[in-house]
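Residues per chain are reported as follows:
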Amino acid sequence: MPDMSASASMAMTHLVTLAELDEDKVTPGVLGFIVFAVMALAVWGLMKSMNRHMGRVDFKEAEAPGGERVESERR
């Protein structure tokens, strides 16, 4: 078997150290970032949609035939 070059040997030692896991250190990684980014975009889109829909709402109350405003009952 031919000898590995210095760079290949160095790459193999880096791969071995990456494979070792520290049991006390847990990180979210790339998947955690992607999930967070998707949720942030969803919230931003929902807020933008809510703003647009709230702008279309007309809050003026209809007047009663006698000329006075009618209080709507809320239950």
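Residues numbered from 1 in each chain as written. Predicted model: local features only at pLDDT ≥ 70, side-chain atom pairs only at ≥ 80, totals over all residues. Heavy atoms only, no water.

Draft legend 1. View of the overall build of the protein. A count of helical and extended segments in the protein gives two helices and zero strands. A buried classification covers 1% of the 75 residues belonging to the protein. (Helix = DSSP H or I, 4+ residues; strand = E, 2+ residues; numbered from the N terminus. Buried < 20%, exposed > 50% of the residue type's maximum accessible area, 1.4 Å probe, protein only.)

Draft legend 2. Examining a nonpolar patch on the surface more closely. The grouping of Val43, Met47, Met50, Met54, Val57 and Phe59 at the surface amounts to a nonpolar patch, some 620 Å² of accessible area in total. Structurally, the position occupied by valine 43 is in helix H2 (residues 29–56). You can call valine 43 exposed: its relative accessible area is 51%. (Patch = residues over 30% accessible without salt bridge, like charges linked within 9 Å, V, L, I, M, F, W, Y side chains within 5 Å. Areas by Shrake-Rupley, 256 points an atom, 1.4 Å probe, with all protein chains shown as cover. Salt bridge = Lys/Arg side-chain N within 4 Å of Asp/Glu carboxyl O.)

Function cannot be inferred from these measures alone, as they are strictly geometric.
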